[in-house]
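Residue-level structure breakdown
Single-letter residue listing:
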There are 2 protein chains.
Amino acid sequence: MQLVSRLVLAAVAAVVASAALAQPDPLPSWNDGPTKQAIVSFVEKVTDEGGEDYVPPQDRVATFDNDGNLWAEKPVYFQLLFAIDRVKALAPEHPEWKDKQPFKAAIEGDMKTLAASGLKGIAQLVMASHAGMSPAEFQKIVGDWLATAQHPRFKRRYTDLVYQPMLELLAYLRDNGFTTYIVSGGGIEFVRNFSEDKYGIPPAQVVGSSIKTQYEVIDSVPTVMRLPEMNFVDDKEGKPVGITQHIGQRPIFASGNSDGDYQMLDWTTSGEGPRFGLILHHTDAEREYAYDRDSSVGRLDKALDAAQDKGWVVIDMKNDWKEVFPPVE
Amino acid sequence: MQLVSRLVLAAVAAVVASAALAQPDPLPSWNDGPTKQAIVSFVEKVTDEGGEDYVPPQDRVATFDNDGNLWAEKPVYFQLLFAIDRVKALAPEHPEWKDKQPFKAAIEGDMKTLAASGLKGIAQLVMASHAGMSPAEFQKIVGDWLATAQHPRFKRRYTDLVYQPMLELLAYLRDNGFTTYIVSGGGIEFVRNFSEDKYGIPPAQVVGSSIKTQYEVIDSVPTVMRLPEMNFVDDKEGKPVGITQHIGQRPIFASGNSDGDYQMLDWTTSGEGPRFGLILHHTDAEREYAYDRDSSVGRLDKALDAAQDKGWVVIDMKNDWKEVFPPVE
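Throughout what follows, the structure given in this document is the object of discussion.

Basis of the calculations
- Residues numbered from 1 in each chain as written.
- Chains lettered and ligands numbered in written order.
- Predicted model: local features only at pLDDT ≥ 70, side-chain atom pairs only at ≥ 80, totals over all residues.
- Heavy atoms only, no water.
- Salt bridge = Lys/Arg side-chain N within 4 Å of Asp/Glu carboxyl O.
- Helix = DSSP H or I, 4+ residues; strand = E, 2+ residues; numbered from the N terminus.
- Buried < 20%, exposed > 50% of the residue type's maximum accessible area, 1.4 Å probe, protein only.
- Contact = heavy atoms within 4.5 Å.
- Buried area = accessible area lost by both parts, 1.4 Å probe.
- Polar contact = N/O pair within 3.5 Å; in protein donor to acceptor, adjacent residues only side chain to side chain.
- Nonpolar A, V, L, I, M, F, W, Y, C, P; charged D, E, K, R; others polar.
- Expected span 1.5 Å × (residues − 1).
- Arc of directions from axis to C-beta.
- Phe/Tyr/Trp six-rings, centres within 6.5 Å; stacked < 30°, edge-to-face > 60°.
- Least-squares fit on C-alpha atoms with pLDDT ≥ 70 in both.
- Core = buried A, V, L, I, M, F, W, Y, C linked by side-chain atoms within 4.5 Å.
- Axes fitted to C-alpha atoms, helices over the stretch in contact; angles between N-to-C directions.
- Parallel < 35°, antiparallel > 145°, perpendicular 65-115°, else oblique.
- Left-handed = near helix turned anticlockwise from the far one by under 90°.

1. What to know about the pattern of salt bridges
This model, assessed by the stated rule, comprises 24 salt bridges over all chains. One salt bridge in this structure joins Asp 266 of chain A and Lys 310 of chain A, with 3.0 Å as the shortest N-O distance. You can see Asp 266 of chain A sitting in helix 11 (residues 262–269) and its partner Lys 310 of chain A sitting in helix 12 (residues 302–310), a full 44 residues away along the chain. In this structure, the salt-bridge partner of Lys 36 of chain B is Asp 32 of chain B, at a minimum N-O distance of 3.3 Å. For Asp 32 of chain B, a relative accessible area of 70% corresponds to the exposed category.

Structure (structure tokens):
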């Protein structure tokens with residue numbers, strides 16, 4: 001009988017140990033510390049059915065900025081590099097671009113002039129290079145570019161420059177009943193190209209800037225055609241508007257990295273009940289980039305000041321992240 | 001031994017019988033016949049992993065019109081009745097409406113003049129009565145109205161006038177890995193009020209017409225404000241555009257009941273691979289209404305002719321449906 005008791009105890013111990021092993025750290029690329037702890041505490045709190053901060057799954061809406069938040073955005077937004085490559089590819093059909101800015105600068109790779117052309121110049125490039133085709137045809141062009149283009153510093157594909165800790169955070173939230181959305185200033189169809197594959201976020205859960213589309217029947221074939229005309233700018237004040245239109249609910253968790261995310265975070269965290277605002281601060285010049293208040297791309301100034309007042313959690317990339325990018329395959 | 005064999009056989013028979021019982025008809029309110037058979041065949045075909053018509057779950061997108069398709073739309077769109085009641089309620093604050101059409105007609109319940117004011121008149125009513133508040137405040141107003149207003153003929157709440165067979169179809173598709181969306185000419189926030197509760201469709205899976213919204217910080221409180229200005233008309237050519245913007249995928253299954261759904265069905269069913277177009281034909285004057293080519297609300301003319309050519313399945317409400325509305329509780 002004593003032997004049997006011992007065997008039973010050993011079996012129980014083995015089961016307990018395997019249960020512990022079956023729950024590995026859901027955020028292994030995050031260093032232990034207050035940032036990680038704040039995230040985990042929030043998730044535990046809103047999923048605790050008996051607790052006073054419980055939020056039912058249908059209200060667990062989490063929104064993430066993309067550029068500089070889920071993947072890198074330096075030296076400039078990757079979509080701008082795509083637009084420049086598209087303009088170069090289309091240049092033979094547009095001889096007039098040779099002498100017309102900002103197309104001239106794009107063709108010549110003159111980033112200084114391009115930067116000086118501002119948002120208006122970039123919008124011109126995007127509209128000229130992203131329109132005149134169906135969304136499916138556009139997806140093909142984006143996919144081909146992403147499959148081959150290389151980041152100038154890291155010599156990796158752009159879709160390899162997603163942040164490993166953020167992939168873990170997205171999965172952790174979904175495993176806890178959250179629905180995760182991208183809310184990007186970038187183009188909605190551009191981001192949709194890789195959102196499911198890289199982030200596990202399906203096309204319908206991407207909110208972004210867009211150009212207009214129009215329904216046309218061409219040679220009896222029903223077609224949606226992309227037009228060279230802005231439809232919606234999903235940045236700053238546009239983010240709460242885009243979320244309202246697209247999701248129809250105020251998030252309880254919002255994550256961003258720049259002043260373009262200020263309004264999304266402010267609106268999210270000023271709602272009733274438990275709320276979480278997360279700011280990624282790029283502090284790691286060695287593994288990625290270090291920039292904030294003076295950067296033209298991804299400027300983080302007003303939102304960094306606000307984080308303190310409003311209780312937003314600031315990720316210090318250098319100290320909070322064990323890894324930045326996924327390992328090279 | 002013989003006894004044991006018999007017992008085993010009896011047990012096996014019991015298990016088989018209970019398995020059959022465990023799979024009841026998923027569409028009990030549909031009469032057996034070619035319409036029901038076509039729906040079931042399509043679903044079985046696209047979910048058959050070994051078959052040549054298999055469609056992976058992430059591509060099983062199904063879109064449903066709302067008015068006259070998921071719930072009734074006679075004598076006029078229920079949202080118009082809501083707008084009229086709103087205008088009446090707001091009239092004391094707007095003495096100028098007494099002498100101004102279409103407000104005068106709304107206040108006096110003069111449906112003939114209202115109908116003559118056309119879409120432009122209706123849009124004026126909607127913009128005046130649906131704006132000047134946050135989406136959450138609007139939800140409250142809609143919810144209060146739906147909880148009390150009664151349909152003039154059926155003396156039931158409007159949300160009781162959803163179609164029982166369509167509720168079963170939505171659930172059947174979801175049980176088979178489809179994602180179901182509403183794509184309505186009606187207001188997106190209006191439909192979102194009851195879409196989850198009545199149809200099992202969450203707010204983010206509602207596509208509809210919309211007025212503009214704007215982000216404002218009022219007394220330090222971040223707010224999204226509804227503006228009296230049209231943003232998007234999700235009808236006819238607008239439906240494929242709204243689907244592209246919102247869902248980012250072409251559906252494989254589309255369901256509608258009027259010429260306003262023609263483009264959605266044409267675009268859906270002209271894609272590659274297995275596709276399904278479904279038209280609800282209102283043929284049941286006794287249990288609901290009978291109308292098609294000459295109706296001002298929900299006119300079904302061009303799409304009824306096209307159904308034959310394009311292989312869309314037409315539901316004959318009178319003959320295909322055992323029940324129309326859910327039982328009175």
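2. Observations concerning the interface of chain A and chain B
Contact with chain A, which involves 31 residues of that partner, is made by 31 residues of chain B. For the pair chain A and chain B, the two sides together bury roughly 2,400 Å², of which 57% comes from carbon and sulfur. In terms of surface lost to chain B, no three residues of chain A exceed Tyr 215, Pro 222 and Gln 245 of chain A, which account for 26% of the buried area on that side. The interface formed by chain A and chain B contains 11 residue pairs in polar contact (both at pLDDT 80 or more). Those elements giving two or more residues to the side of chain A that touches chain B turn out to be helix 9 (188–199), strand 3 (206–218), strand 4 (221–232), helix 10 (238–246) and helix 11 of chain A. Examining the composition of the side of chain A that touches chain B, we find that five residues originate from one element, helix 10 of chain A, more than from any other. Classifying every residue of the side of chain A that touches chain B by side-chain character gives 12 nonpolar, 13 polar and six charged.

3. Brief notes about helix 2 (residues 34–46) of chain B
Since the α-helix turns once every 3.6 residues, residues separated by three or four places project in the same direction. Residues and elements named next belong to chain B. Between its first and last C-alpha atoms helix 2 spans 18 Å; for 13 residues at 1.5 Å apiece the expected length is 18 Å, and the two agree. When we look at burial in helix 2, the residues that qualify are Thr 35, Lys 36, Ile 39, Val 40, Phe 42, Val 43 and Val 46. Burial along helix 2 is one-sided: seen end-on, the buried residues are contained in an arc of 155°. Against helix 8 (164–175), strand 5 (253–256), strand 6 (276–283), strand 8 (313–316) and helix 13 (317–320) lie the buried residues of helix 2.

4. A short note on the packing of aromatic side chains
Residue and element names in this part refer to chain A. Scanning the model with the defined rule gives 45 aromatic pairs over all chains in all. Aromatic pair Phe 82 and Phe 138: ring centres 6.0 Å apart, planes at 75°, arrangement edge-to-face. Of this pair, Phe 82 sits in helix 3 (residues 78–90) while Phe 138 sits in helix 7 (residues 135–148), and the two are 56 residues apart along the sequence. The exposure class assigned to Phe 138 is buried, which follows from its relative accessible area of 1%. Between Phe 154 and Phe 325, the ring centres sit 5.1 Å apart and the planes meet at 70°, which makes this aromatic pair edge-to-face. Placement of Phe 154 in the loop between helix 7 and helix 8 (164–175) and of Phe 325 in the segment after helix 13 (317–320) is noted, with a sequence separation of 171 residues between them. Each residue in the set Trp 71, Phe 78, Phe 82, Phe 138, Trp 145, Tyr 158, Phe 190, Phe 194 and Tyr 199 is aromatic and connected to the rest through ring pairs, giving one cluster.

5. A short note on the relation of the copies chain A and chain B
Under the fitted operation, chain A is carried onto chain B by 0.0 Å of movement along the axis and a turn of 180°, and the coordinates agree to an RMSD of 0.0 Å. A rotation of that kind, with that shift, is consistent with a two-fold axis. Within chain A, the C-alpha atom positioned nearest to the axis of rotation is that of His 246 of chain A, 3.3 Å from it.

6. Structural notes on the nonpolar core
Formed by 67 residues in total, the largest nonpolar core has its most connected members in Leu 169, Tyr 199 and Phe 253 of chain A. For Tyr 199 of chain A, the contacting residues outside a window of four places in its chain are Asn 66, Leu 70, Trp 71, Val 162, Leu 167, Leu 170, Arg 174, Ile 182 and Phe 194 of chain A. Grouped together as the second largest cluster of nonpolar side chains are 66 residues, Phe 103, Ala 106, Tyr 158 and Ile 252 of chain B included.

7. With respect to the packing of helix 2 of chain B against helix 8 of chain B
The axes of two packed helices give the description: the angle between them and the distance between them. Residues and elements named next belong to chain B. For the pair helix 2 and helix 8, interaxial distance at closest approach is 11 Å and the crossing angle is 15°. Here helix 2 is positioned roughly parallel relative to helix 8, judged by the angle of their axes. Like other packed secondary-structure pairs, helix 2 and helix 8 cross with a definite hand, here right-handed. Residue-level inspection shows Ile 39, Val 40 and Val 43 of helix 2 in contact with helix 8, the latter providing Leu 169, Tyr 172 and Leu 173.

8. Let's talk about the packing of helix 3 (residues 78–90) of chain B against helix 6 (residues 118–130) of chain B
Residues and elements named next belong to chain B. At a minimum axis separation of 9 Å, helix 3 and helix 6 run at an interaxial angle of 55°. Looking at the two axes, helix 3 sits oblique to helix 6. Here the hand of the crossing between helix 3 and helix 6 comes out left-handed. Listed contacts from helix 6 to Gln 79, Leu 80, Phe 82, Ala 83, Ile 84, Arg 86, Val 87 and Leu 90 of helix 3 are Ile 122, Leu 125, Val 126, Ala 128, Ser 129 and His 130.

9. Digging into helix 9 of chain A
All names here are of chain A. Here helix 9 contains 12 residues, and its C-alpha end-to-end distance of 14 Å is more than 12% below the 16 Å for a straight helix at 1.5 Å per residue. For helix 9, the complete set of buried residues consists of Ile 188, Glu 189, Phe 190, Val 191, Arg 192, Phe 194, Ser 195 and Tyr 199. With its phi angle positive at about 70°, Gly 200 sits one or two positions after the end of helix 9.

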